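# Observations on the three-dimensional arrangement
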Amino acid sequence: MVSDGVISGAQVREFYDAFRDSRMVRYRLKANLRIERAIERVSEYVHPGSRVLEIGCGIGIIAERLAAKLRDGQLWACDISPRNIEMARETVKSDKVAFFVADVSSGLSAVEEQLDGAVDVVVMIDVLEHLPRAIHPDLFTNLRRIMRQDSVVVLTYPSPQYQRYLREHEPRELQVIDEVIEVEELLCVAKAAGYSLRLFSLEDVWRRNQYVHCVFQSSVPVDRITSVSPTRLGKLFRRFRAVLDHRSRLTRSLRRSIVDDARGRSST
Ligand SMILES: C[S@@+](CC[C@H](N)C(=O)[O-])C[C@H]1O[C@@H](n2cnc3c(N)ncnc32)[C@H](O)[C@@H]1O
C-alpha cells in the first residue's frame, strides 16, 4: 500500500500499529534473513561501551540483540507506533534499552528529551525509505546535534532496483510511505549535513542486489592509529593462534618422523 497524497503522522502511526500484527510479530517467531544481515552489519560498530540510538525500532528485535553486546553502554530505541513500543517493552527484558514513542518526521526534540548526551551510533534498519524524502535533509542535520566527532549512522534500505521491481511486480508489498532512495541524492543530503561516506554496499538477501547497507560518519580523521581496535585485536589473536597451531603440528610431525626414523634404523 503506498499513497500518492500527503500522508499525516496519524495515518503513518495507524498503518504501523496494524503492521505490527500483520507482519512484524512474524519476525519475532521466526528469524528473518534481512534483519539478521542488518544486525551483523550494525554489530561491527557497537561495542560494550557504545551509546546507541535506534530509530524505527519496531517491536525491538534489533534493539534486543544490540543490547546484549553492551556492558556499560546504553541504547535508546524509538518508533512512531505506540503498539510497537508497547510490545517491545513487554518482550525485551534488558536494563540497557529504553523504548519510547517518537515521530522523527516532525523533528528530533522528542528524541533529544530522552537522551542524556551524545550517541556513538545511530541505527535505522529499513526506516529511511519510510520517512518522506522531503524531511531527509533536516533529519541528517538534526542527527548531527546528538552525535560525537566520529559517530556513525548505519542505514539499511531496499535498493532502488528492488523498489522499482516491487512497484512493477508486487505493489501490495509497499508500505504507506515507501520512497526510492537514489544513492546520488542520499550522498548529497549527507554531504550537505557534514557527513562522510564510510561504507556503501549492495547486498544480496533473498534476491541479488536487494538491499543497501550504508554507513556515514560525522568525521573521518586520518590521524595515526595509536591503539588497536577490538576487531583488529581479534584478527591478530586469530592469526597468532593459527601460527601456534601450525607450529605445534609441525613439531608433532617432526617428532613422529624422528621416532619412525630411529625405529627404522634399529630394525635394519
Ligand atoms: C519496515 S519497519 C522496520 C522495523 C525494524 N527496524 C525492522 O527492521 O524490522 C519501519 C519502522 O519505522 C517506523 N517508522 C515509520 N515512520 C516513522 C517515523 N516518522 N518516526 C519513527 N518511526 C517511524 C515504523 O513504525 C516501523 O516500525
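Below: a short report on this structure. Being a predicted model, the structure only gives us computed values, none of them experimental.

Rules and cut-offs
- Residues numbered from 1 in each chain as written.
- Predicted model: local features only at pLDDT ≥ 70, side-chain atom pairs only at ≥ 80, totals over all residues.
- Heavy atoms only, no water.
- Helix = DSSP H or I, 4+ residues; strand = E, 2+ residues; numbered from the N terminus.
- Buried < 20%, exposed > 50% of the residue type's maximum accessible area, 1.4 Å probe, protein only.
- Contact = heavy atoms within 4.5 Å.
- Expected span 1.5 Å × (residues − 1).
- 1 Å grid on protein atoms, 1.4 Å probe; cavity = no way out; pocket = protein on both sides within 12 Å on 5 of 7 lines; lining within 4 Å.
- Points joined across faces, edges and corners; volume = space filled by probe spheres on them.
- Nonpolar A, V, L, I, M, F, W, Y, C, P; charged D, E, K, R; others polar.
- Pairing = 2+ DSSP bridges.
- Right-handed = clockwise from strand over helix to strand, strands pointing away.
- Near = heavy atom within 4 Å.
- Polar contact = N/O pair within 3.5 Å; in protein donor to acceptor, adjacent residues only side chain to side chain.
- Areas by Shrake-Rupley, 256 points an atom, 1.4 Å probe, with all protein chains shown as cover.
- Phe/Tyr/Trp six-rings, centres within 6.5 Å; stacked < 30°, edge-to-face > 60°.
- Lys NZ or Arg CZ within 6 Å of the ring centre and 35° of its normal.

## Thoughts on the environment of Pro48
In this structure, Pro48 sits in the loop between helix H2 (33–43) and strand E1 (51–55). A relative accessible area of 32% means that Pro48 is categorised as partly exposed. C-alpha of Pro48 to C-alpha of Ala110: the two residues are 62 residues apart in sequence and 26 Å apart in space. Residues contacting Pro48, with those up to four places away along its chain left out, are Lys69, Leu70, Arg71, Asp72 and Gly73.

## A closer look at helix H1 (residues 9–29)
End to end, H1 covers 29 Å across 21 residues, agreeing with the expected 30 Å (1.5 Å per residue, within 8%). By the burial criterion, the buried members of H1 are Val12, Phe15, Tyr16, Asp17, Phe19, Arg20, Met24 and Tyr27. Contacts from the buried residues of H1 go to H2, helix H3 (61–67) and helix H4 (82–91).

## What to know about empty space enclosed by the protein
Scanning the model with the defined rule gives one cavity of 30 Å³ or more in all. In this structure, the largest cavity encloses a volume near 50 Å³. Around the largest cavity, the lining residues are Arg133, His136, Val180, Ile181, Glu182, Glu185, Leu186 and Val189. Residues belonging to the lining of the largest cavity are distributed by class as follows: four nonpolar, one polar and three charged.

## Brief notes about the pairing of strand E5 (residues 147–158)
Here E5 lies mainly inside the structure; nine of its twelve residues are buried. Where strand E4 (residues 119–125) lies against E5, six bridges are found, and the strand directions are parallel. Along E5, the bridge assignment pairs Ile125 with Thr156. Following the backbone out of E4, through helix H6 (residues 136–145) and into the adjacent parallel E5, one traces a crossover that is right-handed. Sheet topology places E5 next to strand E7 (residues 211–217); seven bridges connect them, and they run antiparallel. Counted as the bridge partner of Tyr157 is Val212 from E7.

## Thoughts on the site of the ligand
In the vicinity of the ligand there are 21 residues, among which Arg34, Gly56, Asp79, Asp103 and Ile125 approach most closely. Between the ligand and Arg34 there is a distance of 3.0 Å, counted from an oxygen atom to a side-chain nitrogen or oxygen. For the ligand, whose accessible area on its own is 590 Å², the fraction buried by protein is 96%. If you tally residues by element for the shell around the ligand, the top one is H1, at three residues. Here the shell around the ligand is composed, by residue class, of eleven nonpolar, six polar and four charged.

## Some thoughts on the packing of aromatic side chains
According to the stated counting rule, one finds eight aromatic pairs in the structure shown. Centre to centre, the rings of Tyr162 and Tyr165 are 6.2 Å apart; their planes meet at 10°, and the pair counts as stacked. You can see Tyr162 and its partner Tyr165 sitting in helix H7 (residues 160–169), three residues apart, about one turn around the helix. Using a relative accessible area of 15% as the deciding quantity, one classes Tyr162 as buried. Judged by relative accessible area, Tyr165 falls into the partly exposed class, the value being 24%. One aromatic cluster is present, formed by Phe15, Tyr16 and Phe19 through successive ring pairs. Taking NZ or CZ as reference, Arg34 lies 5.5 Å from the ring centre of Tyr27, over its face. Above the ring of Tyr195, the side-chain terminus of Arg144 is found at 5.6 Å from the ring centroid.

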